[in-house]
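An overview of the molecular structure
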Amino acid sequence: MSVRRLAENQPASFEFTAQNKAWLEKQIAKYPDGRQASAVIPALWQAQKQNDYWLPKAAIEKVAAMLDMPVIRVMEVATFYTMFNLEPVGKYFIQMCGTTPCMLRGSDEIKAVLERRVGEQRHVTADGLFSWLEVECLGACCNAPMVQINDDYYEDLTPQNFERLLDDLAAGRPVKKGSQAGRVTSEPGPRSLTSLQSFYGADGISGPLSDPARK
Amino acid sequence: MTKIVIDGTELDVPADYTLLQACEAAGKEIPRFCYHERLSIAGNCRMCLVEVKGGPPKPTASCAMSVKDLRPGPNGEPPVVLTNSPMVKKAREGVMEFLLINHPLDCPICDQGGECDLQDQAMAYGVDSSRFHENKRAVADPYIGPLVKTCMTRCIKCTRCVRFTAEVAGTMDMGAMNRGEDVEITTYLESAMTSELSGNVADICPVGALLPKPQNFQARPWEMNKTQSIDVMDAVGSAIRIDTRGREVMRILPRVNDLVNEEWISDKARQIVDGLKRQRLDRAYVRVNGKLQAASWSQAFAAIAAKAQATQGARIGALAGDLASVEEMFALKMLVESLGSQNIDCRQDGVKLDPKFGRASYLFNTTIAGIEQADAIMIIGSNPRKEAPVLNARIRKRWRQGGLLLGLIGEKADLTYDYNYLGADPAALEQFASHGAIQKERPMFIIGQAALARPDGLAILSLAAKIAKNIGVVKDGWNGFNVLHTAAARVGGLDIGFTPGEGGLDAVAMTNPGALDMLFNLGADEIDVAPGAFVVYIGSHGDRGAHRADVILPAAAYTEQTGIYVNTEGRVQYAQRACFPPGEAREGWAILRALSEALGHKLPFDSADMLRAKLEAAHPHFVNYDHATPADADALVAGKGGALEARPFGRVIDDYYLTNPIARASAVMAECSAVASGAHAHKEAAE
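Residues numbered from 1 in each chain as written. Chains lettered and ligands numbered in written order. Predicted model: local features only at pLDDT ≥ 70, side-chain atom pairs only at ≥ 80, totals over all residues. Heavy atoms only, no water.

1. Thoughts on the packing of aromatic side chains
Definition in use: When the centres of two rings from Phe, Tyr and Trp lie within 6.5 Å, Trp using its six-membered ring, the rings pair. Their planes under 30 degrees apart give stacked, over 60 give edge-to-face, and anything left gives tilted. Under the scheme used here, helices are H or I runs from DSSP no shorter than 4 residues and strands are E runs no shorter than 2 residues, and both carry numbers assigned from the N terminus. A simple rule labels every residue: compare its accessible area, found with a 1.4 Å probe on the protein chains alone, to the largest value its type can have, and call it buried under 20%, exposed over 50%, or partly exposed in between. In this analysis the charged atom, NZ for Lys or CZ for Arg, is taken to sit over a ring once it is within 6 Å of the ring centre and within 35 degrees of the ring normal.
Going through the model one piece at a time under the given rule, you end up with 12 aromatic pairs over all chains. With centroids separated by 6.4 Å and ring planes inclined at 45°, the aromatic side chains of Trp399 of chain B and Tyr417 of chain B adopt a geometry described as tilted. Of the two residues, Trp399 of chain B is situated in helix α10 (residues 389–400) and Tyr417 of chain B in the loop between β18 (405–409) and β19 (420–423); the sequence distance between them amounts to 18 residues. Residue classification places Trp399 of chain B among the partly exposed positions, given a relative accessible area of 25%. Sitting over the face of the ring of Phe80 of chain A, Arg179 of chain B holds its NZ or CZ atom 4.4 Å from the ring centroid. Lys268 of chain B extends its terminal NZ or CZ atom over the ring of Tyr656 of chain B, reaching a point 4.4 Å from the ring centre.

Okay, structure coming up:
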């Protein structure tokens with residue numbers, strides 16, 4: 001991690017959409033009177049979603065004004081959490097987990113793919129499609145290595161299937177979320193003796209009776 | 001009270017004490033960086049670790065653990081705290097090693113050297129070498145204002161400055177950006193701090209990260225002589241320490257005085273230092289053919305004597321300015337009265353306060369520390385943030401404790417706390433009068449000069465006094481009637497009756513065209529004297545008063561003579577001489593004594609001590625130094641005065657940084673003023 005600062009090129013203004021504003025007012029109402037500042041993280045989160053996944057200065061100031069907080073307090077929150085992007089990101093913002101379990105399962109190769117195809121961290125490709133960031137554990141260690149692209153996890157990556165995933169995203173083809181190796185959730189892997197499919201059916205969730213072998 | 005054993009000594013401490021406070025009560029010194037008695041507890045530096053038996057089996061941060069949270073022993077023995085065990089020493093050495101990992105160790109080029117907490121504590125807990133072979137972190141230095149220089153690589157993230165601006169100053173200027181190793185303390189987008197107390201962050205910084213910018217690389221703390229004195233930039237009378245090297249004042253720091261300023265001083269009190277060197281009057285001048293020409297003292301006295309002999313007593317007058325000491329005013333009053341004049345005034349702003357209405361009518365009767373007892377405050381025609389920043393911090397402190405009802409009648413302003421706004425004009429005050437008794441135990445009024453320095457000032461004063469008596473602001477055992485002054489000399493002047501005698505003219509009347517033939521002006525620079533009168537200016541700086549003068553007698557500034565000042569509470573305090581006046585300038589009382597001899601009306605004292613003895617004989621409360629003698633509330637005027645005007649209360653201070661001749665001579669104050677008004681962006685940002 002390193003020091004994060006506001007982006008150089010900033011939009012002149014930021015305004016919540018009517019829908020987001022209503023959503024935010026609902027969030028603020030969850031807290032007691034005078035504790036509206038508690039809604040700062042949801043507010044920043046929503047602002048980021050609305051603004052192509054990054055937070056401009058105007059949005060930070062807007063949130064401060066809406067929550068009646070000193071701007072510096074909102075700024076502290078925005079710079080503290082790496083989930084708030086202070087600079088523009090690609091249409092597909094890839095957060096690659098590089099923590100120990102993922103590293104042991106080959107995240108370095110995934111990283112090499114990203115460095116080759118996307119470039120340096122925090123750098124948006126010329127077509128505006130991709131940017132990436134190495135992050136700490138995203139909590140999907142069973143399916144390591146993994147990345148988060150925008151709101152979804154993509155797991156059980158290999159350089160090959162990850163490249164294919166990036167190709168599909170770039171071409172706008174539909175992609176499969178979750179495991180890229182055909183696993184269901186985090187069931188034991190293909191080399192193990194048991195699997196959810198052996199007991200819960202071909203889709204892994206329909207129950208023992210759906211397994212034809214057991215009939 | 002709870003029993004606790006500290007290093008083998010059992011003692012009783014209040015249960016709400018922290019371990020750190022308990023250890024201090026036991027006489028043990030606990031090293032600390034982030035802990036500050038007047039700020040909230042952060043517990044992030046970990047330097048104050050102690051060993052606790054009966055607590056978790058690890059070192060405990062003593063600042064953040066309360067005595068009542070410790071468990072007693074199995075047989076009900078009191079909990080045991082060790083401050084000097086091997087475990088404590090090792091733990092603190094570990095903390096110190098971590099703190100020094102990213103600290104640059106550039107003490108030889110750091111202004112904090114010699115008065116640095118980190119340097120001092122490293123002597124006790126530091127290791128002689130580093131085990132850290134990686135690169136040290138470097139941090140960019142943000143601009144945070146004209147008074148504080150930053151060197152953020154030295155910062156140890158104690159967050160004292162962040163807590164100070166959030167809690168005491170109330171401007172929320174500073175914050176900690178980013179996280180972990182990358183934390184940076186800065187203002188929002190490197191804007192200048194907006195507080196009038198911003199200089200204090202350099203004092204509370206335990207390392208050399210925040211330093212006073214105007215004193216950058218000027219002096220080492222051990223080279224300077226320290227003189228304990230009193231600030232005169234406002235009427236609060238903050239306790240200060242003047243550091244001098246040779247004949248030069250190098251810097252001004254606060255002293256602790258819990259009754260007045262706790263341990264803060266305003267930016268103006270701290271940084272007018274360069275104003276003491278600029279624009280100084282260092283020799284006498286006499287106006288010849290319309291031009292001021294340098295003269296000797298005897299020539300100047302001769303010119304004054306010639307004019308005085310040709311002038312009737314009733315056509316002579318005397319004005320005293322905002323920075324004059326009580327001795328000077330007392331001597332000037334004696335001199336002018338001996339010349340046969342009753343035209344004496346120290347109220348150059350035309351304020352309608354007068355000693356004949358009793359001392360209670362012009363004092364901050366509750367006292368500044370008394371603000372903390374108040375449960376309701378009505379501010380009338382005042383902006384305490386500009387008029388007395390340190391006192392405003394006290395109001396804010398009380399407000400933060402909760403349960404305080406605050407109201408304001410006057411010009412709307414950001415006072416750093418919330419208040420109910422009742423209106424801007426005297427009519428709002430009249431309307432407030434109809435509220436009847438309020439359901440508060442200790443309500444108080446703070447009446448500013450903006451409400452009193454106007455033609456209907458007396459009517460407003462008596463109306464306020466009437467309301468105060470009606471609604472219980474003044475009652476048995478509680479006097480909540482407070483006048484907030486802005487001039488350091490004012491209360492002293494009123495105390496000795498430096499006001500027009502029988503048939504005498506007041507300041508406004510004296511300065512009108514044709515009112516007088518001769519005027520002695522003791523540093524009154526905020527008033528225009530109409531052409532015609534022969535003006536003798538006795539003062540330290542070449543400001544408005546000196547430009548208008550016909551004879552200039554160069555006098556000492558407040559750092560260069562010992563003088564009594566009475567603060568807005570009526571507290572009699574000494575400003576001590578820290579260095580000598582420049583050139584031929586002399587102390588004010590000595591000038592007046594010498595002048596009186598030249599005028600043939602020799603004043604009856606030969607030394608400052610004799611003068612003070614006379615002063616104390618005439619006004620016995622001056623004997624009680626450092627003490628605010630309570631005034632008799634029964635004598636408070638009510639029902640006098642006249643009709644109220646409809647005009648709203650204005651403001652007394654337009655530009656906080658430029659309120660007196662010393663501040664106007666200071667380049668640092670000029671820069672602060674320009675930054676505050678947004679007139680120019682700072683240079684560092686423009687690069």
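Additional details are given in the paragraphs that follow.
2. Digging into the pairing of strand β24 (residues 518–522) of chain B
Residues and elements named next belong to chain B. Selection rule: Paired strands, as defined in this entry, are two strands with at least two bridges between them according to DSSP.
By the criterion of burial, β24 is predominantly enclosed, with 5 of the 5 residues buried. In β24, alternate side chains face the same way, and those of Met518, Phe520 and Leu522 on one face and Leu519 and Asn521 on the other are all buried. Both strand β15 (residues 316–320) and β24 contribute to a ladder of 5 bridges, which runs parallel. The residue of β24 that forms the bridge with Ala320 is Leu522.

3. Topic: the pattern of salt bridges
Two side chains with opposite charge may pair up if their charged atoms get near one another. Residues and elements named next belong to chain B. Condition: Here, a salt bridge means any Lys or Arg side-chain nitrogen found within 4 Å of an Asp or Glu carboxyl oxygen.
Tallying each qualifying case throughout the model produces 57 salt bridges over all chains. The partner of Lys386 in a salt bridge is Glu196, and the shortest N-O contact between them spans 2.8 Å. You can see Lys386 sitting in helix α9 (residues 384–387) and its partner Glu196 sitting in the loop between β8 (184–187) and α5 (200–204), a full 190 residues away along the chain. By relative accessible area, which is 29% here, Lys386 ends up partly exposed. With relative accessibility at 4%, the residue Glu196 sits in the buried group. Here Lys277 ties to Glu248 by a salt bridge, and the two come within 3.1 Å at their closest N and O atoms. Pair noted here: Lys277 is in the loop between α6 (267–271) and β13 (284–288) and Glu248 is in strand β12 (residues 248–254), with a separation of 29 residues, a long-range link. By relative accessible area, which is 43% here, Lys277 ends up partly exposed. The exposure class of Glu248 is partly exposed, given its relative accessible area of 32%. Taken together, the shared-partner salt bridges connect Arg38, Asp258, Glu262, Glu263, Glu372, Arg394 and Lys397 into one network.

4. Let's talk about the confidence of the model for chain B
Residues and elements named next belong to chain B. The following threshold applies: Each residue carries a pLDDT score, the predictor's own confidence in it, on a scale running from 0 to 100. Residue contacts are counted whenever heavy atoms from the two residues lie within 4.5 Å of one another.
Averaged over all residues, the pLDDT of chain B equals 93, while 98% of them reach at least 70. Low pLDDT, under 50, characterises residues 682–687; the predicted model gives this stretch 4 contacts beyond four residues in sequence or across chains. Here the predicted complex carries an ipTM of 0.89, next to a pTM of 0.92.

5. With respect to a nonpolar patch on the surface
Rule in force here: Patch construction takes residues with relative accessible area above 30% that form no salt bridge. Like charges are linked within 9 Å, and nonpolar side chains (Val, Leu, Ile, Met, Phe, Trp, Tyr) are linked within 5 Å. All accessibility values rest on the Shrake-Rupley procedure with a 1.4 Å probe; residue burial counts only the protein chains present in the view.
A cluster of nonpolar side chains, namely Phe80, Tyr81 and Met83 of chain A, defines an oily patch on the protein surface of about 230 Å² accessible area. Counting through the fold element by element, Phe80 of chain A comes out in helix α4 (residues 71–80).

6. Describing the environment of Cys63 of chain B
Residue and element names in this part refer to chain B. Secondary-structure assignment places Cys63 in the loop between β4 (60–61) and β5 (80–82). On a C-alpha basis, the gap between Cys63 and Ala22 in space is 9.8 Å, while along the polypeptide they are 41 residues apart. In this structure, Cys63 is in contact with Thr18, Leu20, Tyr35, Ile41, Gly43 and Cys48, ignoring residues within four places of it in sequence.

7. What to know about the side chain of Ser341 of chain B
Residues and elements named next belong to chain B. Note the threshold: Any pair of nitrogen or oxygen atoms within 3.5 Å is treated as a polar contact; in protein, a donor-acceptor pairing is required on top of that, and neighbouring residues in sequence qualify only through side-chain atoms on both sides.
Mapped onto the elements of the fold, Ser341 is located in the loop between α8 (326–338) and β16 (343–345). Here the side chain of Ser341 touches Ile316 through a polar contact of 2.6 Å, landing on its backbone oxygen. Here the side chain of Ser341 touches Asn343 through a polar contact of 2.9 Å, landing on its backbone nitrogen.

8. Considerations on the sheet that holds strand β20 (residues 443–447) of chain B
Residue and element names in this part refer to chain B. Threshold: Note on geometry: axes are C-alpha line fits, over the in-contact stretch for helices, and angles between N-to-C directions span 0 to 180 degrees.
Taken in spatial order, the 5 strands line up as β19-β18-β17-β20-β23 in an open sheet, and their pairing is parallel. Whereas interior strands pair on both sides, the edge strands pair on one side only; in this sheet they are β19 and β23 (481–483). The average undirected angle you get between the axes of adjacent strands in this sheet is 20°. Both strand β17 (residues 376–380) and β20 contribute to a ladder of 5 bridges, which runs parallel. Paired with Met378 across the two strands is Phe445, which belongs to β20.

9. Focus on the sheet that holds strand β10 (residues 225–230) of chain B
Residue and element names in this part refer to chain B. Within the open sheet, the 3 strands sit side by side as β10-β11-β12. Their pairing is antiparallel. The sheet is open, and its two edges are formed by β10 and β12, each paired on a single side. Each adjacent strand pair in this sheet contributes to an overall mean axis angle of 30°, direction not counted. Both β10 and strand β11 (residues 239–245) contribute to a ladder of 6 bridges, which runs antiparallel. Residue pairing for β11: Ile230 is matched across the bridge by Ala239.

10. Thoughts on the interface of chain B and chain A
Stated precisely, the cut-off is as follows: Buried area, as used here, totals the accessible surface that two parts lose on assembly, with accessibility defined by a 1.4 Å probe and the loss added over both. For this classification, Asp, Glu, Lys and Arg are treated as charged, while Ala, Val, Leu, Ile, Met, Phe, Trp, Tyr, Cys and Pro are nonpolar and the rest, including Gly, are polar.
Taken residue by residue, the interface counts 17 residues in chain B and 18 residues in chain A. Surface buried jointly by chain B and chain A totals about 1,400 Å² across both partners, of which 59% is contributed by carbon and sulfur atoms. When the buried surface of chain B facing chain A is broken down by residue, Asn178, Arg179 and Tyr188 of chain B rank first, second and third, together holding 47% of it. Where chain B packs against chain A, one counts 1 salt bridge. Its salt-bridge partner being Glu184 of chain B, residue Arg5 of chain A comes within 2.8 Å of it at the nearest N-O pair. For the pair chain B and chain A, the number of links is 7 residue pairs in polar contact (both at pLDDT 80 or more). Broken down by secondary-structure element, the contributors of at least two residues to the side of chain B that touches chain A are α4 (160–169), β7 (174–177) and β8 of chain B. Sorting elements by how many residues they give to the side of chain B that touches chain A places β7 of chain B first, with 4 residues. Here the side of chain B that touches chain A is built from residues that sort into 9 nonpolar, 4 polar and 4 charged.

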